[in-house]
Amino acid sequence: MRVAFVAMETTHHRDTEGARRLERVAQQLTERGHEVTIYCARWWDSDLRTFEPDDITYRAVTATPNAAAFATRLPVRLARHPPDVIHASPRPPGGVVGASVGGTITRAPVLVDWFGDEAIGGTRLVDRAAKSADCVVTPSEMVRTTVREHGASSDRTAIVPESIDMGQIRDTDPAATVDVAFAHPLDESANVESLLLGLAELRERDWSAKIVGDGPYREDYERQVRDLRIEDRVEFVGACDREERISIYRGAHVFVQTAYREYFASELLWALACGCIGIVEYQARSSAHELIEHRERSFRVTSTQQMADAIVASGDYPHETIDESLAEYDHDAVREQYLEHYRRLIEAHGLL
């Protein structure tokens, strides 16, 4: 299958979760033998319009990120190498409109992958982008609701979650046992304070915790731990790579999710797959609670006291190091969801 990805800004321009998701899917499709081309603004050090660092072809639509020029030139670029399906980022929204024009010319359906972190505002052009796609996929119901508010119909929206590597989880040894794990960049949205206050309520009990992540608020949180007199039981381990995180999660009994903003709670998913009990503090701008709605080994909390109570109650569950039921989120399974959407859209266009 020939798949054209449309993303004016790649991770080489802006390293965001949505951009990483788009490029990860492109790489996974390439590994399955599909022909993948990414149409973007040039990011490589040459004047060549085409760059092929691996098995993916990058085609420069513009020399630098320029939304108007990108949207205008895109249809012609797509027409020169007609794809079977177009997989587009909603940033810039004009790029989706340009992709739709290109799709009309090449008779290729357009799927928009709307992660939620694109920061594209609420203009009429955004509404037009939401309505013009043949299908809009989002990582969560929360983001899907946003897309529908922009005018996308319910039958043209679907959820495709983030994915994890179950094989890597199985192959990674658990770290030393710890009662509570937390992971998030230590920025303005981390909200580690909710966890720390809950742990402070339990200072008379025996427990240990690891905080995974780094960022501008780390010193503030380390100071708060000292102020709460729990510094001897809370360890800040830094950013950690994926293997280290998996090892920590497999050794942990509980994973606590408190961040104010999560379009998809990826670290929570990894932790749940590593056997952790999930404790999620409900936040209006976070989709994390969606992952635990139907899970027995989980708690949803809204206050410091409920946080403390949930940590205590989690002791009633046995420690586990993997949850095979979450294999439905494995990279291969989620990639197949994308392929199913592609096939359905292509068939609806009468091209199969």
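This structure is a prediction, so every number in the text was calculated from the model and none was measured.

Quick notes on the rules
- Residues numbered from 1 in each chain as written.
- Predicted model: local features only at pLDDT ≥ 70, side-chain atom pairs only at ≥ 80, totals over all residues.
- Heavy atoms only, no water.
- Helix = DSSP H or I, 4+ residues; strand = E, 2+ residues; numbered from the N terminus.
- Rg over C-alpha atoms; globule rule 2.2 N^0.38 Å.
- Buried < 20%, exposed > 50% of the residue type's maximum accessible area, 1.4 Å probe, protein only.
- Contact = heavy atoms within 4.5 Å.
- Axes fitted to C-alpha atoms, helices over the stretch in contact; angles between N-to-C directions.
- Parallel < 35°, antiparallel > 145°, perpendicular 65-115°, else oblique.
- Left-handed = near helix turned anticlockwise from the far one by under 90°.
- Nonpolar A, V, L, I, M, F, W, Y, C, P; charged D, E, K, R; others polar.
- Pairing = 2+ DSSP bridges.
- Salt bridge = Lys/Arg side-chain N within 4 Å of Asp/Glu carboxyl O.

Trainee: Please clarify how the overall build of the protein chain should be interpreted in this entry.
Mentor: Within the protein chain, the regular secondary structure consists of 12 helices and 16 strands. Its C-alpha atoms give the protein chain a radius of gyration of 22 Å, within 12% of the compact-globule value 20 Å for 352 residues. Across its three principal axes, the protein chain shows a C-alpha extent of roughly 70 × 40 × 35 Å. The proportion of buried residues among the 352 residues of the protein chain is 55%.

Trainee: Quick question: what am I supposed to make of the side chain of Thr10 here?
Mentor: Mapping Thr10 onto the fold places it in the loop between β1 (2–6) and α1 (17–31). The exposure class of Thr10 is buried, given its relative accessible area of 1%. Non-local contacts of Thr10, meaning those with residues more than four positions away in its chain, are made with Ala19, Glu23, Cys40, Trp43 and Tyr58.

Trainee: Would you explain the packing of helix α9 (residues 242–251) against helix α10 (residues 266–273) in this entry?
Mentor: Two elements in contact, α9 and α10, have axes separated by 8 Å at closest approach and are oriented at 55°. Here α10 runs oblique to α9, going by the angle between their axes. Two packed elements cross with a definite hand, and for α9 against α10 that hand is right-handed. From α9, Arg242, Arg245, Ile246 and Tyr249 reach across to α10, where they touch Glu267, Trp270 and Ala271. Here the residues of the contact of α9 with α10 are counted per class, giving four nonpolar, no polar and three charged.

Trainee: What am I meant to see in the sheet that holds strand β14 (residues 277–281) here?
Mentor: By way of backbone hydrogen bonds, the strands of a sheet pair with one another, either parallel or antiparallel. The parallel open sheet is built from six strands, whose spatial order is β11-β10-β9-β12-β14-β16. Pairing within the sheet leaves two strands with one partner each, and these edge strands are β11 (234–238) and β16 (298–301). For this sheet the average axis-to-axis angle between neighbouring strands, irrespective of direction, equals 20°. The pairing of strand β9 (residues 178–183) with strand β12 (residues 252–257) spans three bridges and is classified as parallel.

Trainee: Can you help me understand the pattern of salt bridges in this one?
Mentor: Opposite charge on two side chains makes pairing possible when the charged atoms of those side chains draw close. Summed over the entire model, instances satisfying the criterion amount to 20 salt bridges. Asp84 serves as the salt-bridge partner of Arg2, at 3.2 Å between the closest nitrogen and oxygen. Remark: Asp84 occurs in the loop between α2 (67–80) and β5 (85–88) and Arg2 occurs in strand β1; sequence separation between them is 82 residues. Each member of the salt-bridge network shares a partner with another, and the members are Arg21, Arg24, Asp113 and Glu162.

Trainee: I keep staring at unusual backbone geometry and nothing clicks. Help me out?
Mentor: Both trends apply: most residues other than glycine have a negative phi, and most peptide bonds are in trans. Note the cis peptide between Arg91 and Pro92, where omega equals -5°. Even without glycine at this site, Arg107 takes up a positive phi of about 60°. Mapped onto the elements of the fold, Arg107 is located in the loop between α3 (93–106) and β6 (110–113). Despite not being glycine, Arg229 has its phi angle at roughly 60°, a positive value. Counting through the fold element by element, Arg229 comes out in the loop between α8 (218–227) and β11.

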